[in-house]
Amino acid sequence: MKRERQLGIIYSAPMGLWLTIFFLIPISIIVIYSFLKKGLYGGVEWQFTLKAYQEMFNPAFLKVLWRTLWVSVVATAITLLLALPCGYAMARSRHQIFWLALIIVPFWTNSLIRIYAWIAILSSEGFINELLLSLGIIKESLSLIYNQQAVITVLVYINIPFAILPLFTTIDKFDFQLLEAARDLGATKRKAIFKVLLPSIRSGIITALIFTFIPIFGAYTTPLLVGGKDSYMIGNIIVDQVTKTRNWPLASAFSLIITLLSTLGVIWILVSGMQDKAKGVVK
Amino acid sequence: MSKKRPKLKPTTLVELPKETVGVYRPPRQQVFRDHRRFGFSNIVLVLVILFLFMPLFVVITYSFNASKGMRWTGFSLQWYYKLFFESRQLWRAFLNSFIIAITSSVVATILGSLAAIGIKWYRFKSRSYIQVISFLPMVLPEVIIGISMLIFFSAVKIPLGMFSIFVAHTTFNLPFVLLLVSARLDEFDFSIIEAARDLGATERQSLTKVVIPSIAPALLSSMLMAITMSLEDFVITFFVAGPGSTTLPLYVYSMIRYGVSPVVNALSLVLVLGIMVIALTFRRFLKTIAASS
C-alpha cells in the first residue's frame, strides 16, 4: 500500500508541480492583486483595498458586463441548438470518422485565419458586398461587419465544434434501443426524444454548454476583430486594463469573477457526470 | 442496420427479463430509420458543415485572384509566389511556432501521460488535487490564462520570449494530454502489468516494455493534438510573447488587423491542406480526440 502511494506520487508529481507553479500560482497572484492598490505605471502597490471591486460597478463596465452576458447567452443557445442535431446525426451515422474529420479540420485551422475569413466575407469590400454589387442587387455596400450580429455569428462559428464533439461522444454511447422501447410503449417520436434521449445525455449537454459558454463569455479576439465600438466584451475590457490603462487590480478582479464562474461550471460538469454514473444511464 | 448494433443493457429506464432480449426484435426499421437520409438532424449536420467550410472556401478561392480585393479579376498565382518567396518574416514566425509546438508538446506528453498513469492506477493523497487543477485550465477563457501568466512572469522576472511561450503552451496542453491518455488507460488491462511484475519485471521495465508500447497510439495522438493547439494559439501567446518571439498567429494578426491581405488567403490554403493531411493520417484516433476535447 505504501509503495503504491509512493509510485502514484512519483508519476503524478512532475505534472502536479508544473501546474501548481505555472497555473495555480499565477491564478493566486490574480486573486491577491485584485485586493491591492493600482501602481502608478502598471503593477501594484502592496496596500489592501477593495477599490478594484468598487470600480467594477462603474456604469460603463456594468453595461459591457450586461452585453457580454447577453451575447454569450444568445451565441451559446444558437450553438447548442445547432450542435444537438449534429451530434445526433453523427452518432447515428455509419460514417462517423468522415463527419468527425469534417468537423475537426476547420476546428484545427488557425482561429485567426477563420476570423479573417469572416472579415473577408463580411467587410464593406468583402465577398458578399462585392457579389451583390456586381450583380446589381444593391447600389451601396451593406454594413455587415463591426456590429453585434457579426460578433455572434463568428462566436457561433468558432465555438460550435466545442459543442458538437462532447455531444457526439455522449450520444454515441447512448443505447438507441431505448428510443425504440419508448416508441413501442406508445411515445411519439418527439416525446421519445424529449423524455428518453435528452435526459440520458444530460451530462454531455452540460459539458457542451460549459465548453461553449465560458470561452464565449471570455472572448477577446472575435469582438476585437469583427465587433464595433458597441460590441466590446468583458475580455476586451480586461486586456485594455492590462495593456492600456495599466490597472492591474481591476483586470484581476474581472478575471477572478470569470475564474469563479468557470470553477462553478467545472463542478457542475463533474457532479452531473457522477450523478449519471450513479444512475447507470451512461457507461 | 448500422454496422455496430448496441447491445441492450439493463438500465433503470427499461428492464426486460433477460430471456426476452434474445427473442424480441423491436421494429427498428420503421421507427428511426425510414427518413434517416433526409431527416432533420442530417440536414442540420450538412448545413453546419457547409457553414464551417464556406468562409474557408471563399478565402481559398480568392487566393487565386489576380487583384488584391474581393472582386474577381482573373486567375493568378502571384500571392503564392509572394507567400513562398517574399515573406521571410512570415516563415521566421512559422519556424518559431514550430519550435515551440514541438518542444511544448513533447514535454506536455511526457508529464501528462506519466500523471495519467499515476492517477489511473494508484491511490494517493493529492490525487484529487491534481485532477481538479488539471481540469480547470481547459475551461478557463484564454484571456485569463494569458493575463495570469503575464502577471506571473513579470512578478518572478522571467523575460518574455520563446521560453515564456514554451511554458505557457506546455501548461495549456497538459490537461488535454492527461485526458486522452487516461481514456486509453481505461481500456488497458491492469492484469498485464501484474503479469509482467510476477515474471520479475521491475517498475521501470514494466513501464518501458509493457505500458508505453501499448499506449503508444494515445501518446502519438495527444502529442499531435498538443502540436496543433500550440500552432493555433493566439490569445495566450499574445500576452506572453516578447520581442523577437513572434509566432505565426501573431504575425497573421499583424497582417489582418487592417483588412484583407491576399498573402493570408494563400496561407489559408496551405494551413487547411496541412491540417487535412494530419487529420487523414490520424483518422483512426479522431474518435479518441473528439472524446477528450
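Cut-offs used in this document
Each chain carries its own residue numbering, running from 1 in the written order of its sequence. Following the order in which they are written, the chains are lettered starting with A and the ligands numbered starting with 1. Given that the model is predicted, a residue must reach a pLDDT of at least 70 before its local features are reported, and side-chain atom pairs must reach 80 or more before they are shown or counted; all residues, however, enter totals for whole chains, interfaces and linings. Heavy atoms throughout the structure, all of them, feed into the side-chain values; hydrogens and water do not. Aromatic pairing here means that ring centres of Phe, Tyr or Trp (its six-membered ring) are within 6.5 Å. Orientation follows from the plane angle: under 30 degrees is stacked, over 60 is edge-to-face, and everything else is tilted. A run of DSSP states H or I qualifies as a helix once it reaches four residues; a run of E qualifies as a strand once it reaches two. Both are numbered from the N-terminal end. For each residue, the accessible area found with a 1.4 Å probe, counting protein chains only, is set against the maximum for its type, and the residue is called buried under 20%, exposed over 50%, and partly exposed in between. A pair is scored as a salt bridge if a Lys or Arg side-chain nitrogen falls within 4 Å of a carboxyl oxygen belonging to Asp or Glu. We call two residues contacting when some pair of their heavy atoms lies within 4.5 Å. All axes here are fitted lines through C-alpha atoms, helices being fitted over the stretch that makes contact, and every angle between N-to-C directions spans 0 to 180 degrees. Note on angle classes: values under 35 degrees are labelled roughly parallel, values over 145 roughly antiparallel, values of 65 to 115 roughly perpendicular, and the remainder oblique. For this scheme, ten residues count as nonpolar: Ala, Val, Leu, Ile, Met, Phe, Trp, Tyr, Cys and Pro. Four count as charged, namely Asp, Glu, Lys and Arg, and the remainder, Gly too, count as polar. Throughout the structure description, domain borders are defined by an automatic or database domain assignment. Here a polar contact is recorded for every N or O atom pair within 3.5 Å, except that within protein the pair must consist of a potential hydrogen donor and a potential acceptor, and residues adjacent in sequence are included only if both atoms are side-chain atoms. The buried area of a pairing is the accessible area, by a 1.4 Å probe, that goes missing from both parts when the two are put together, added over both.

Asks: Got a sec to walk through the packing of aromatic side chains? Specific residues and values, please.
Replies: Aromatic ring pairs are reported here in terms of the distance separating the ring centres and the angle at which the planes meet. The final tally for this structure, using the stated rule, is 33 aromatic pairs over all chains. Look at tryptophan 18 of chain A and phenylalanine 166 of chain B: their rings are 6.2 Å apart centre to centre, the planes differ by 90°, and that puts the pair in the edge-to-face class. With tryptophan 18 of chain A in helix α1 (residues 2-33) and phenylalanine 166 of chain B in helix α8 (residues 162-187), this pair bridges two chains. Pair check on accessibility: tryptophan 18 of chain A and phenylalanine 166 of chain B agree, each one buried. Relative to tyrosine 157 of chain A, the ring of tryptophan 118 of chain A lies with its centre 5.4 Å away and its plane at 75°, an arrangement referred to as edge-to-face. Of this pair, tryptophan 118 of chain A sits in helix α5 (residues 111-122) while tyrosine 157 of chain A sits in helix α7 (residues 148-173), and the two are 39 residues apart along the sequence. Accessibility assignment for this pair places tryptophan 118 of chain A and tyrosine 157 of chain A in one class, buried.

Asks: Please provide a residue-by-residue account of the pattern of salt bridges, values included.
Replies: Residues and elements named next belong to chain B. Across all of its chains, the model carries seven salt bridges over all chains by this definition. For the salt bridge of aspartate 186 with lysine 120, the shortest nitrogen-to-oxygen distance reads 2.9 Å. With aspartate 186 in helix α8 and lysine 120 in helix α5 (residues 88-121), this pair connects stretches of sequence that are 66 residues apart. On the basis of relative accessible area, aspartate 186 is assigned to the exposed category, the value being 54%. For lysine 120, a relative accessible area of 30% puts it in the partly exposed group.

Asks: Give a detailed account of the environment of phenylalanine 239 of chain B, specifying residues and quantitative values.
Replies: Take phenylalanine 239 of chain B: it is sitting in helix α11 (residues 235-240). Linking phenylalanine 239 of chain B and phenylalanine 40 of chain B, residues 199 residues apart in sequence, is a C-alpha distance of 43 Å. In contact with phenylalanine 239 of chain B, not counting residues within four places along its chain, are Val239 of chain A together with Val143, Gly146, Ile147, Leu150 and Leu160 of chain B.

Asks: Before we move on, can you summarise the packing of helix α4 (residues 78-85) of chain B against helix α13 (residues 262-281) of chain B with the specific residues and values?
Replies: All names here are of chain B. The contact between α4 and α13 brings their axes to 8 Å, and the two run at 80°. Comparing their axes, α13 and α4 come out roughly perpendicular. Residues Trp79, Tyr80, Lys82, Leu83 and Phe84 of α4 lie in contact with α13, whose contacting residues are Pro262, Val263, Ala266, Leu267, Leu269 and Val270. A breakdown of the residues in the contact of α4 with α13 according to their chemical character gives 10 nonpolar, no polar and one charged.

Asks: Can you tell me about the domain arrangement of chain B, naming the residues and giving the values?
Replies: All names here are of chain B. Assigned domains of chain B: these are domain 1 (18-76) and domain 2 (87-292). Relative to domain 2, the C-alpha centre of domain 1 lies at a distance of 29 Å. Listed by partner, the interface residues are nine residues for domain 1 and eight residues for domain 2. Run the count over domain 1 and domain 2 and you get zero residue pairs in polar contact (both at pLDDT 80 or more). Among the residues forming the side of domain 1 that touches domain 2, the class breakdown is seven nonpolar, one polar and one charged.

Asks: So what about unusual backbone geometry? Which residues, and what values?
Replies: Its identity is not glycine, yet arginine 246 of chain A carries a phi of approximately 60°, on the positive side. Within the fold, arginine 246 of chain A resides in the loop between α12 (234-243) and α13 (248-279). Residue classification places arginine 246 of chain A among the partly exposed residues on the basis of a relative accessible area of 36%. Despite not being glycine, lysine 157 of chain B has its phi angle at roughly 60°, a positive value. Inspection of the secondary structure assignment puts lysine 157 of chain B in the loop between α7 (142-155) and α8. Here lysine 157 of chain B falls in the exposed class, since its relative accessible area comes to 71%.

Asks: Before we move on, could you go through the interface of chain B and chain A and cite the residues and values that matter?
Replies: Listed per partner, the contact involves 114 residues of chain B and 106 residues of chain A. Between chain B and chain A, the buried area comes to about 10,400 Å², and carbon and sulfur atoms account for 77% of it. Summed over the shared surface of chain B and chain A, the number is two salt bridges. A salt bridge links arginine 114 of chain A to glutamate 232 of chain B, with the shortest nitrogen-to-oxygen separation between them at 3.2 Å. Joining chain B to chain A, the criterion identifies 10 residue pairs in polar contact (both at pLDDT 80 or more). No other element matches the 17 residues that helix α3 (residues 40-62) of chain B contributes to the side of chain B that touches chain A.

Asks: Hey, could you go over the environment of arginine 123 of chain B for me, with residue numbers and the actual values?
Replies: As for its placement among the helices and strands, arginine 123 of chain B is situated in the loop between α5 and α6 (127-139). Its relative accessible area of 46% is what places arginine 123 of chain B among the partly exposed residues. Sequence separation between arginine 123 of chain B and glycine 39 of chain B is 84 residues, and the spatial gap between their C-alpha atoms is 48 Å. The contact partners of arginine 123 of chain B, leaving out residues within four places of it in the chain, are Glu4 and Arg5 of chain A.

Asks: So what's going on with the side chain of threonine 222 of chain A? Residues and values would help.
Replies: All names here are of chain A. Checked against the element boundaries, threonine 222 lands in helix α11 (residues 221-226). Taking the relative accessible area as the measure of exposure, threonine 222 reaches 5% and is therefore buried. Leave out the neighbours within four places in its chain, and threonine 222 touches Ile115, Val151, Val154, Leu155, Ile158 and Gly227.

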